[in-house]
Amino acid sequence: MSKVLVSDSIDQAGIDILSQVATVDVKLGLKPAELIEIIGEYDALMIRSSTRVTQEIIEAGTQLKIIGRAGVGVDNVDVPAATRRGIVVVNSPEGNTIAAAEHALAMILALSRHIPDANASVKRGAWDRNSFVGAEVYKKTLGVVGLGKIGSHVAAVAKTMGMKLLAYDPFISTDRAEQLGCQLVELDLLFQQADYITLHIPKTPETTHLINATTLAKMKPTARIINCARGGIIDEVALAAALKAGKIGGAALDVFESEPLGESELRSLGKEIILTPHLGASTAEAQVNVAIDVAEQIRDVLLGLPARSAVNIPGLGPDVLEELKPYMQLAETLGNLVGQLAGGRVEVLNIRLQGELATNKSQPLVVAALKGLLFQALRERVNYVNASIEAKERGIRVIETRDASIRDYAGTLHLEATGTLGTHSVTGALLGEREIHLTDVDGFPINVPPSKYMLFTLHRDMPGIIGKLGSLLGSFNVNIASMQVGRKIVRGDAVMALSIDDPLPEGILDEIIKVPGIRDAYTVTL
Ligand SMILES: NC(=O)C1=CN([C@@H]2O[C@H](COP(=O)(O)OP(=O)(O)OC[C@H]3O[C@@H](n4cnc5c(N)ncnc54)[C@H](O)[C@@H]3O)[C@@H](O)[C@H]2O)C=CC1
Ligand SMILES: O=C(O)CCC(=O)C(=O)O
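Not measured: the values here are computed from a predicted model.

(A) Representation of the sheet that holds strand 8 (residues 183–184). The strand order across the open sheet built from seven strands is 8-7-6-9-10-11-12, with neighbouring strands paired in parallel fashion. Two strands lie at the open edges of the sheet, namely strand 8 and strand 12 (273–275), each paired on one side alone. Note that strand 7 (residues 164–168) and strand 8 share two bridges and pair parallel. Across the sheet, leucine 166 pairs through a bridge with glutamine 183, a residue of strand 8. Along the sheet face, helix 7 (residues 149–160) touches strand 6 (141–145), strand 7 and strand 9 (196–199) and points at about 170 degrees away from the line of strand 6. Along the sheet, helix 11 (residues 236–244) makes contact with strand 10 (224–227), strand 11 (250–253) and strand 12, crossing strand 11 at roughly 145 degrees.

Given below as structure tokens:
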């Protein structure tokens, strides 16, 4: 049974899902050295934001197949190191969107009305109404930096509070911004005009210290900055200095350059600053959402299925991936089959997407086919993450064609590869949305579900051949589960596809080829 290590606190709903397929160990508060010492035993690691998954940890995780981040930001995971090792990194892109957006909105209002300090003052026994005169957000300008999932929700709610919205996001269209009631502007203009600036961007080299002494100097002296995105987007030293000097009006921070926040000037400031300990995603609802979302993906990957929100494989929306998943399994099975029929050293893999598949995104299917093709060479080391890189390193060229015409099935996938055993092709389709069927081998029509052990023969369609093959297999104690012959013309060439219960014993292929009429025989394990 697989083993999963959960090293940050995760909702029980996630643990329950993982427990369906794995032994789950929850070990919180591990020091890096302790994690390095034990990670080698685990197939999966599930974290939130406290565990830093460094290259060293990834290298020590010799069995690791997947790292699941129960949240959005994966900046606490060395994703390139994981990719190099073929480890899938998944997150929950939407599970905590509302929670983080509502935290930012709460920060805006709490900062405007001095709620934390007023509350603390009453609790101390005072009744001071003069020190806490606030400001209204109505008709004020909110500058949203990053109009993605969280930024959009903040904008939508702020709009209903009567705020004027400016937004900066170089990757969002004017149309989308307009739909949200935002005016897309350059960053400098947003800094100059906004009364509130809320950050909803990832931390990248471009966004690190985006808010610094220079940009702070462009803002209104009354401007309030909210950061519920990532620490390090704001230069904390510059922010503390600007607040002290009255160059800006206030700040509310949920995230910090270093977490937990250590010694910091920020702690010494008064009601102009609100600090929360990275609580953006800390709602009961969000924690259930992210735990389920990520645990399901870990479960799927441990079962050999693709993950819907992998950050280090060519991404597709979860809906598209969910729809493509059965076809990805078809592609992988066909890749594995054609790879074994063709033998090693495949240089070109031809993939034809037929029918409804022709209009689909092909990349996941190509990746899945390559994963199958390379399985014999790399076994468990090949996965959806590294299949393309491994194929490229082996000089395998992929040629993709599309044919939208519908034949017998809504969508079929045809793979052809040339290797040390010659050129071979296989075609497959889905029956009833999920059931894989082989519909063609080497140009001969068949209709069989793939099975773990299979035998294919190329033979002359003539009386007695099936009986002879059956007797031969029987003499080697090989039990045939099913058999089908595919032929184009009567008494011409034909292909026989047999499902057998056990692997074919050593040496039997040579005997099969000696049967008069049989020209070639191949055995595969799927
Ligand atoms: N405080 C907390 O507990 C939480 C924090 N987060 C953080 O919130 C941030 C936003 O998350 P989502 O909205 O889910 O992400 P998202 O990916 O939906 O949106 C990010 C937006 O930032 C934009 N962007 C990227 N680079 C930019 C740049 N240089 N300038 C301006 N815009 C840029 C992108 O185009 C995108 O629209 C992330 O950093 C995430 O890690 C998310 C959840 C909880
Ligand atoms: O797990 C958490 O509480 C942090 C959430 C977060 O920062 C994120 O999802 O990016």
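(B) Just unusual backbone geometry, in detail. Residue proline 260 follows glutamate 259 across a cis peptide bond; omega there is 0 degrees. With respect to the helices, strands and loops of the structure, proline 260 is situated in the loop between strand 11 and strand 12. Of note in this structure, asparagine 477 is not a glycine but carries a positive phi near 65 degrees. The residue asparagine 477 is located in the loop between helix 16 (465–475) and strand 20 (480–487) in this model.

(C) Up close: the UniProt feature "domain: ACT" (unreviewed entry) in the protein chain. Following the UniProt record, one finds the feature "domain: ACT" (unreviewed entry) at residues 454–526. Taken end to end, residues 454–526 is 25% helix and 42% strand, and its first and last C-alpha atoms sit 8 Å apart.

(D) Here's a closer look at the site of ligand 2. The environment of ligand 2 is made up of Arg48, Ser49, Arg69, Ala70, Gly71, Val72, Gly73, Asn96, Arg230, His278 and Ala281. Side-chain polar atom of asparagine 96 to an oxygen atom of ligand 2: 2.9 Å apart, as the coordinates give it. Between an oxygen atom of ligand 2 and a side-chain N or O atom of arginine 230, the distance comes to 2.6 Å. When ligand 2 is considered free in solution it has 300 Å² of accessible area, and contact with the protein chains removes 92% of it.

(E) Spatial organisation of empty space enclosed by the protein. Per the stated rule, a full pass over the model turns up two cavities of 30 Å³ or more. Estimated volume of the second largest cavity: approximately 40 Å³. Lining the second largest cavity are Leu341, His424, Val441, Asp442, Phe456, Thr457, Leu458, Val495 and Tyr522. Its residues placed into classes, the lining of the second largest cavity shows six nonpolar, two polar and one charged.

(F) Quick peek at the pairing of strand 18 (residues 444–448). In strand 18, alternate side chains face the same way, and those of Phe444, Ile446 and Val448 are buried while those of Pro445 and Asn447 on the opposite face are not. Inspection of the sheet shows strand 17 (residues 435–441) paired to strand 18 by three bridges, in the antiparallel sense. Counterpart to leucine 438 in the pairing with strand 18 is valine 448. A loop of two residues connects strand 17 with strand 18, the two strands running antiparallel in sequence, and aspartate 442 in this loop sits at a positive phi of about 50 degrees.

(G) Layout of the packing of helix 1 (residues 12–19) against helix 12 (residues 284–302). At a closest axis distance of 7 Å, the pairing of helix 1 and helix 12 adopts a crossing angle of 15 degrees. One finds that helix 1 runs roughly parallel with respect to helix 12. Here helix 1 and helix 12 pass one another in a crossing that is right-handed. Of the residues in helix 12, those in contact with Ala13, Gly14, Ile17 and Leu18 of helix 1 are Val288, Ala291, Ile292, Ala295, Glu296, Ile298 and Arg299. Partitioned by chemical class, the residues of the contact of helix 1 with helix 12 number eight nonpolar, one polar and two charged.

(H) Representation of helix 11 within the structure. Listing the buried residues of helix 11 in full gives Glu236, Ala238, Leu239, Ala240, Ala242 and Leu243. In the core, the buried residues of helix 11 are packed alongside helix 10 (213–217), strand 10, strand 11 and strand 12. Put simply, aspartate 235 is the residue that caps the front of helix 11, since its side-chain oxygen is 3.1 Å from the backbone nitrogen of valine 237. Positive backbone phi, at 70 degrees, marks glycine 246, one or two positions downstream of helix 11.

(I) Local environment of the site of ligand 1. Within the structure, ligand 1 sits among 25 residues, and Lys149, Ile150, Asp169, Ile201 and Asp254 are positioned closest to it. For ligand 1, an oxygen atom lies 3.3 Å from a polar atom in the backbone of glycine 148. One of the backbone N or O atoms of glycine 280 is found 3.5 Å from an oxygen atom in ligand 1. Contact with the protein chains hides 86% of the accessible area of ligand 1, taken as 860 Å² for the molecule alone. Of the residues that constitute the shell around ligand 1, the class distribution is 13 nonpolar, eight polar and four charged.

(J) Looking closely at the layout of surface pockets. Roughly 790 Å³ of internal volume is contained in the second largest pocket. Lining of the second largest pocket is provided by 28 residues; of these, Gly304, Glu332, Lys371, Phe375 and Val382 occupy positions nearest its centre. The set of elements that each furnish at least two residues to the lining of the second largest pocket consists of helix 12, helix 13 (318–342) and helix 14 (363–378). Considering each element in turn, the lining of the second largest pocket owes the most residues, four residues, to helix 13. Across the lining of the second largest pocket, the residue classes tally to 12 nonpolar, nine polar and seven charged.

(K) Highlighting a nonpolar patch on the surface. A contiguous nonpolar patch, built from Ile466, Ile480 and Met483 and spanning about 210 Å² of accessible area, is present on the exposed surface. Structurally, the position occupied by isoleucine 480 is in strand 20.

(L) How the structure looks around the nonpolar core. Ranked by internal contacts, the top residues of the largest apolar core, which has 46 residues, are Leu349, Leu365, Leu413, Leu415 and Phe456. At 10 residues, the largest contribution of residues to this core is made by helix 13. Excluding anything up to four places from it in sequence, leucine 365 contacts Leu324, Tyr327, Met328, Ala331, Leu353, Leu357 and Leu413. Counting residues in hydrophobic clusters, the runner-up holds 32 residues, among them Leu166, Leu190, Ile234 and Leu239.

Conventions we followed
- Residues numbered from 1 in each chain as written.
- Chains lettered and ligands numbered in written order.
- Predicted model: local features only at pLDDT ≥ 70, side-chain atom pairs only at ≥ 80, totals over all residues.
- Heavy atoms only, no water.
- Pairing = 2+ DSSP bridges.
- Helix = DSSP H or I, 4+ residues; strand = E, 2+ residues; numbered from the N terminus.
- Contact = heavy atoms within 4.5 Å.
- Axes fitted to C-alpha atoms, helices over the stretch in contact; angles between N-to-C directions.
- UniProt positions renumbered as here; feature names shortened; annotations may be inferred.
- Near = heavy atom within 4 Å.
- Polar contact = N/O pair within 3.5 Å; in protein donor to acceptor, adjacent residues only side chain to side chain.
- Areas by Shrake-Rupley, 256 points an atom, 1.4 Å probe, with all protein chains shown as cover.
- 1 Å grid on protein atoms, 1.4 Å probe; cavity = no way out; pocket = protein on both sides within 12 Å on 5 of 7 lines; lining within 4 Å.
- Points joined across faces, edges and corners; volume = space filled by probe spheres on them.
- Nonpolar A, V, L, I, M, F, W, Y, C, P; charged D, E, K, R; others polar.
- Buried < 20%, exposed > 50% of the residue type's maximum accessible area, 1.4 Å probe, protein only.
- Parallel < 35°, antiparallel > 145°, perpendicular 65-115°, else oblique.
- Left-handed = near helix turned anticlockwise from the far one by under 90°.
- Patch = residues over 30% accessible without salt bridge, like charges linked within 9 Å, V, L, I, M, F, W, Y side chains within 5 Å.
- Salt bridge = Lys/Arg side-chain N within 4 Å of Asp/Glu carboxyl O.
- Core = buried A, V, L, I, M, F, W, Y, C linked by side-chain atoms within 4.5 Å.

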